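Letter by letter, the chains look like this.
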Amino acid sequence: MKTFKMLSVGILHEGQVIDFPLIDGIIINQENSHRMWILEMFIEEKYKDFFESFKGEDELLEAKVVISYPENEPAAFRVAVSAVKQIGNNISVLLKGRLKRARTQYAEHLLEELIGEGLEGQTLLQRFETDMRSRPRLKRDTSED
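All of these numbers come straight from a predicted model, not from anything done at the bench.

## Re helix H2 (residues 106-116)
Of all the positions in H2, only Tyr106, His109, Leu110, Glu113 and Leu114 are classed as buried. The arc that holds every buried residue of H2, seen down its axis, measures 135 degrees, which confines them to one face. Seen from the open side of H2, the exposed residues pointing more than 90 degrees away from its buried face are Glu112 and Gly116. Taken from the residues just after H2, Gly118 is the one with a positive phi, measuring 90 degrees.

## Notes on the pairing of strand S4 (residues 36-44)
Summarising the sheet, strand S3 (residues 24-29) and S4 pair through six bridges and their orientation is antiparallel. Within S4, the residue paired with Gly25 across the bridge is Met41. Hairpin connection of S3 to S4: six residues between the antiparallel strands, including Glu31 at a positive phi of 50 degrees. As judged from the nine bridges shared by S4 and strand S7 (residues 90-99), these two strands associate in the antiparallel manner. Within S7, the position partnered with Phe42 by the bridge is Ser92.

## Concerning the packing of aromatic side chains
Scanning the model with the defined rule gives seven aromatic pairs in all. Between Phe50 and Phe51, the ring centres sit 5.0 Å apart and the planes meet at 85 degrees, which makes this aromatic pair edge-to-face. A single burial state applies to Phe50 and to Phe51, both of which are buried. Every member of this aromatic cluster is reached through a ring pair, and the members are Phe20, Tyr47, Phe50, Phe51 and Phe54.

## Some points on the environment of Asn89
Among the secondary structure elements, Asn89 is positioned in the loop between strand S6 (75-87) and S7. Judged by its relative accessible area of 65%, Asn89 is exposed. C-alpha separation for the pair Asn89 and Lys46, spaced 43 residues apart in sequence, amounts to 9.2 Å.

## Let's talk about the pattern of salt bridges
In the structure shown here, the tally under the stated rule is eight salt bridges. With its nearest N and O atoms 3.6 Å apart, the salt bridge here joins Lys2 to Glu31. With Lys2 in strand S1 (residues 2-13) and Glu31 in the loop between S3 and S4, this pair connects stretches of sequence that are 29 residues apart. Since its relative accessible area comes to 45%, Lys2 is described here as partly exposed. Residue class for Glu31 comes out partly exposed when judged on its relative accessible area of 45%. A salt bridge links Glu52 to Lys55, with the nearest nitrogen and oxygen atoms 3.4 Å apart. With relative accessibility at 28%, the residue Glu52 sits in the partly exposed group. Beyond isolated ion pairs, a larger network of salt bridges with shared partners links Glu62, Arg78 and Lys100.

## With respect to the pairing of S3
As paired elements, S1 and S3 share four bridges and run antiparallel to each other. Within the sheet, the bridge partner assigned to Thr3 lies in S3 and is Ile28.

## Digging into the confidence of the model for the protein
Here the protein shows a mean pLDDT of 88. Residues at 70 or above account for 94%. Model confidence for the protein, summarised as mean pLDDT per element, is weakest for helix H4 (residues 139-144) at 64 and strongest for S4 at 96.

Analysis parameters
- Residues numbered from 1 in each chain as written.
- Predicted model: local features only at pLDDT ≥ 70, side-chain atom pairs only at ≥ 80, totals over all residues.
- Heavy atoms only, no water.
- Buried < 20%, exposed > 50% of the residue type's maximum accessible area, 1.4 Å probe, protein only.
- Helix = DSSP H or I, 4+ residues; strand = E, 2+ residues; numbered from the N terminus.
- Arc of directions from axis to C-beta.
- Pairing = 2+ DSSP bridges.
- Phe/Tyr/Trp six-rings, centres within 6.5 Å; stacked < 30°, edge-to-face > 60°.
- Salt bridge = Lys/Arg side-chain N within 4 Å of Asp/Glu carboxyl O.
- pLDDT = per-residue confidence, 0-100.

See below:
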C-alpha cells in the first residue's frame, strides 16, 4: 500500500463540482488486484447529510482529487461512500473506488484555454501561474462530465 496526502477534493453532483474544504485528508492506493483506492476526508459536520445520502447506495460519485502537491493535476476517481463518522464537531468520510482514467495534461489544457481567451505576453504568464496554483476547473472538463 502507498499513502498520499489529499489536498483538495471536489465531487460532481447534479452537473456541478462541489468543493469540500478539507481539515485533513489521506488517500491510499491499496495496490491490490482490484486496483482499489481509499479516500478519507476530515471535513466540517455541515456536509454530513450530503454524504449520508449516498451511504449504502449503489451510486458512484465522480471525485477530482489533488494529491501531495498543489501543482499536481487532479486525479479523477469513481467512488462510493463507505462510511461517515462523527468526530467531535467534524466528520470523517470514507470513500472507496477506482482511478477513473489516466490524468490529463492540466498545464497544456490550461494554456490552450487561456490562449483561446486571447491572453498573451505578461498577462498570459501571470494568469497561467495563478491558475496553476488555484487549479480552476477547465471548460473541457465541464463538457466531459
